[in-house]
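# Overview (structure and organization)
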Amino acid sequence: MGNHDSIFYPLGEEATRQRFAHLCSGNTEVQKVKLGELAIIGIDNARDRYTEEGLAQLKRALEGERYAILCQHIPLSTTEYHVDAMEKANRDLGLGGQGLCVDDSWKTVFALIEAEDSPVKALFCGDCHRDHQSRLGKATMFTSPLNANNPPISKLALNSGTSIFPNTLLRDAPTLK
């Protein structure tokens, strides 16, 4: 879910989750899709936090993976993100660090990404309505509004020269169009 799904917020968080459950096989906390050796994992953080259940599911989703992309609505506030946010928007709405700190749940996600053996190679986010790229441990965090005036994140990664996965990683994966 994203924070622009707010027309459903008056229903309460649980009712809002139920409204979207059919889109994600009943699980609105974490979703995981495998493409070859790559795990694409989405986690809901649209309420400026992660739930305990979401964090537990994220840990399980990462177990045994070699390569993972983590997708979430709100970016994490890295030092580079904070500087960029303050220069361009005069506010940092990223989670943690110098951004929003509703609770400490962001620290768990930071730790999972920054762990020496973390499979997370990239973090894809939206929310900030501008393009940004920064490092978080060994992972690269990309934010993009992905609208008609901005290229898709795959073009951002390719054009920046960033290589986050081995060339053979998606050899057996289906082609996405």
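Look up: the structure comes first, before these words.
What comes next is a walk through the structure. (Residues numbered from 1 in each chain as written. Predicted model: local features only at pLDDT ≥ 70, side-chain atom pairs only at ≥ 80, totals over all residues. Heavy atoms only, no water.)

This part is about the pairing of strand E1 (residues 30-35). Pairing analysis gives six bridges linking E1 to strand E2 (residues 38-43), with the strands arranged antiparallel. Directly across from Leu 35, in E2, lies its bridge partner Leu 38. In sequence, E1 turns back onto E2 through a hairpin of two residues, with Gly 36 there showing a positive phi of about 60°. (Pairing = 2+ DSSP bridges. Helix = DSSP H or I, 4+ residues; strand = E, 2+ residues; numbered from the N terminus.)

It is characteristic of soluble globular proteins that their nonpolar side chains tend to be buried jointly. Counting 26 residues, the largest nonpolar core has Ile 41, Leu 70, Leu 76 and Ile 113 as its most contacted members. Breaking this core down by element, the ones donating at least two residues are E2, helix H2 (52-62), strand E3 (67-71), helix H3 (79-89), helix H4 (105-114), strand E4 (120-125) and strand E6 (139-143). Leaving out residues up to four positions away in the same chain, Ile 113 has contacts with Leu 70, Leu 76, Ser 118, Val 120, Leu 123, Leu 136 and Ala 139. Residues Leu 38, Tyr 67, Ile 69 and Ala 122 belong to the second largest nonpolar core, which totals six residues. (Core = buried A, V, L, I, M, F, W, Y, C linked by side-chain atoms within 4.5 Å. Buried < 20%, exposed > 50% of the residue type's maximum accessible area, 1.4 Å probe, protein only. Contact = heavy atoms within 4.5 Å.)

Buried residues dominate E3, accounting for four of its five residues. In terms of strand pairing, E3 meets E4 through four bridges, oriented parallel. Residue pairing across strands places Cys 71 opposite Phe 124, the latter belonging to E4.

Before going further, it helps to examine the pattern of salt bridges. For side chains bearing opposite charge, pairing can occur when the charged atoms are close. Inspection of the entire model under this criterion finds six salt bridges. Between Arg 66 and Glu 37 there is a salt bridge, and its shortest N-O distance comes to 2.9 Å. Here Arg 66 is found in the loop between H2 and E3, whereas its partner Glu 37 is found in the loop between E1 and E2, with 29 residues between them in sequence. On the basis of relative accessibility, which here comes to 52%, the residue Arg 66 falls in the exposed class. For Glu 116, the salt bridge goes to Lys 138, with nearest N and O atoms at 3.0 Å. Of the two residues, Glu 116 sits in the loop between H4 and E4 while Lys 138 sits in the loop between strand E5 (132-136) and E6, which places them 22 residues apart along the sequence. Overlapping salt bridges bring together Lys 32, Lys 34 and Glu 65 as one network. (Salt bridge = Lys/Arg side-chain N within 4 Å of Asp/Glu carboxyl O.)

Here the focus is the packing of aromatic side chains. In the structure shown here, the tally under the stated rule is two aromatic pairs. A ring pair is formed by Phe 124 and Phe 142, whose centres lie 5.5 Å apart and whose planes are at 70°; its orientation type is edge-to-face. Of this pair, Phe 124 sits in strand E4 while Phe 142 sits in strand E6, and the two are 18 residues apart along the sequence. For the pair Phe 124 and Phe 142, a shared accessibility class is recorded, and that class is buried. (Phe/Tyr/Trp six-rings, centres within 6.5 Å; stacked < 30°, edge-to-face > 60°.)

As a further point, take the packing of H2 against H4. For the pair H2 and H4, the least separation of the axes is 11 Å and the interaxial angle reads 5°. It follows from the interaxial angle that H2 and H4 lie roughly parallel. From H2, Leu 55, Leu 58, Lys 59 and Leu 62 reach across to H4, where they touch Ser 105, Thr 108, Val 109 and Leu 112. Of the residues that constitute the contact of H2 with H4, the class distribution is five nonpolar, two polar and one charged. (Axes fitted to C-alpha atoms, helices over the stretch in contact; angles between N-to-C directions. Parallel < 35°, antiparallel > 145°, perpendicular 65-115°, else oblique. Nonpolar A, V, L, I, M, F, W, Y, C, P; charged D, E, K, R; others polar.)

Strand order in the open sheet formed by six strands is E1-E2-E3-E4-E6-E5, and the pairing between neighbours is mixed. At either margin of the open sheet sits one strand with a lone partner, and together these are E1 and E5. Averaged over all adjacent pairs, the angle separating strand axes in this sheet is 20°, with direction ignored. In terms of strand pairing, E5 meets E6 through five bridges, oriented antiparallel. Bridge pairing in E6 links Ser 134 to Met 141.

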